[in-house]
Each structure stands twice: as C-alpha cells, then as structure tokens.
Amino acid sequence: MRLNKATLTFAGTAAALVTTMTASPAWACNDRDPALRLEAKCGTSGQPNWMVTNPNRWGAVPFTWSDDKGGQSPTKIQAPAGGSVALPTHASIVKVVAYRPDRGDLPVWQRHGAFGAKHCAGAPKPSKPGNPAPPKKHTPKPAPTKARPATPSPTTTAPSGEARPATPVKAQPKFTG
C-alpha cells in the first residue's frame, strides 16, 4: 500500500494534537485527580508553619486560603506541579479552596481543597541562658527597735512553790550610812 502526502500530513497533525492534549493541564485535570494537601509543622516560635502541596504532576493548581484569625490570601496562588507553597500565616486553623485550572473562569474545584488544624505548644524555654545576669542580692534593713524594760506579769494563781524570775531594779537607794 502506498501512502500519499495528504495521509502523512493528517497523521502528523493528529499526533501533534494528541501530544498537546495530554501535556496540557486543560486536558489532564479531572475530578479523580488528588486534592491539595495542607500540612503544618510546629516552628521554634511555638506557632504552626503551613505548607500547601500539589501532588498532581500535570500542572499548577490555583488556590486561596483563609484562617481562623481573619487572615486570607489577597489573590489566587499557584501550587506548582508536584511542589509546595508556604503560607504566610501562623494561625491554628487554615482552610484552602482549590480552583479548576482547566477553566478560564476558575470555578471552585469541589473536594480538592484542604482543611487543617494544628495547635502547637508554647515556645520552649531555654534551660540555661547563654550569659546570665548576676542575681541581685536583697539585704533587708533591720527595723529600729526600742528597748523596753521587762515588766513582771501579775500572778493570778496560787503559788506552786517555785520562785518567780527576778525583776530588775529600777532605782538604787541612796546610801545614808
């Protein structure tokens, strides 16, 4: 069988069209594709660091994010094919909305967004500071005291046969003798 020039041209065009269709995200995107993944790791500051990962290898997926503290993305962000994007939020709860990359109006891509909650413990406290300040010594000042003479307490009970303590003498009698 002999092929003419028109058949070869048609075959070449069809092969180019098939190659373009399979390489383009417009043809590769469907509802069976994996959803975006949202992951958080606790940072050294005690706050979560959020990453959005696109497991799809055929193209970038546009998305937006919002958090429980009122933060949100100002525009759509592209998650690269097989790559990740760090989010500029340290909130405890983050929601990601994915959009269909194969449509010009970018409608929400149902079940392809992500939701995550991560509560990290507070920042670890250093056990020993690198250059500790010398501790301030507090020396209490003694309170001024008045010297009081001891006064005997009156006895209200019957004597038990024991001697009471001696009382100090206040005045010395004058010697007349």
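Residues numbered from 1 in each chain as written. Predicted model: local features only at pLDDT ≥ 70, side-chain atom pairs only at ≥ 80, totals over all residues. Heavy atoms only, no water.

(A) Quick peek at the overall build of the chain. A count of helices and strands for the chain gives two helices and seven strands. Beginning at the N terminus, the succession of helices and strands in the chain can be written as α-α-β-β-β-β-β-β-β. Residues counted as buried form 21% of the 177 residues belonging to the chain. A sequence separation of at least 24 residues applies to 57% of the contacts in the chain between residues at least 6 apart. (Helix = DSSP H or I, 4+ residues; strand = E, 2+ residues; numbered from the N terminus. Buried < 20%, exposed > 50% of the residue type's maximum accessible area, 1.4 Å probe, protein only. Contact = heavy atoms within 4.5 Å.)

(B) Region of the structure containing the nonpolar core. By size, the foremost hydrophobic cluster in this structure holds 18 residues, and its most contacted members are L36, L38, V52, F63, L87, V94 and V96. The contact partners of L36, leaving out residues within four places of it in the chain, are V52, T53, N54, P55, V61, F63, A79, V96, A98, H112, G113 and A114. (Core = buried A, V, L, I, M, F, W, Y, C linked by side-chain atoms within 4.5 Å.)

(C) Main features of the sheet that holds strand β3 (residues 61-67). Spatially, β4-β3-β6-β7 is the arrangement adopted by the four strands of the open sheet, whose pairing is antiparallel. The sheet is open, and its two borders are formed by β4 (77-79) and β7 (114-117), each paired with just one other strand. Strand after strand, the sheet turns through a mean of 30° between neighbouring axes, direction not considered. With four bridges joining them, strand β6 (residues 93-98) and β7 adopt antiparallel strand pairing. In the strand pairing of β7, V96 is matched with A114. (Pairing = 2+ DSSP bridges. Axes fitted to C-alpha atoms, helices over the stretch in contact; angles between N-to-C directions.)

(D) View of the state of the cysteines. Under the definition given, this model contains one disulfide. Put simply, C42 and C120 are joined by a disulfide, and their sulfur atoms are 2.0 Å apart. Handedness of the C42-C120 disulfide follows from its S-S torsion of about -95°: it is left-handed. Linking C42 in strand β1 (residues 37-42) with C120 in the segment after β7, this pair joins segments that are 78 residues apart in sequence. (Disulfide = S-S within 2.5 Å.)

(E) The arrangement of the sheet that holds strand β5 (residues 84-86) in detail. Taken in spatial order, the three strands line up as β1-β2-β5 in an open sheet, and their pairing is antiparallel. The open sheet terminates on both sides in strands that have one partner only, identified here as β1 and β5. Across this sheet, the average inter-strand angle for adjacent strands is 25°, counted without regard to direction. Direction of pairing for β1 relative to strand β2 (residues 48-53): antiparallel, over a ladder of six bridges. Within β2, the residue paired with A40 across the bridge is W50.

(F) Structural context of the environment of W50. Mapping W50 onto the fold places it in strand β2. With relative accessibility at 3%, the residue W50 sits in the buried group. Here the side chain of W50 touches A91 through a polar contact of 2.8 Å, landing on its backbone oxygen. (Polar contact = N/O pair within 3.5 Å; in protein donor to acceptor, adjacent residues only side chain to side chain.)

(G) A look at the pairing of β3. The buried fraction of β3 is high, at six of seven residues. Looking at chain direction, β3 and β6 are connected through five bridges and run antiparallel. Residue pairing across strands places D67 opposite V94, the latter belonging to β6.

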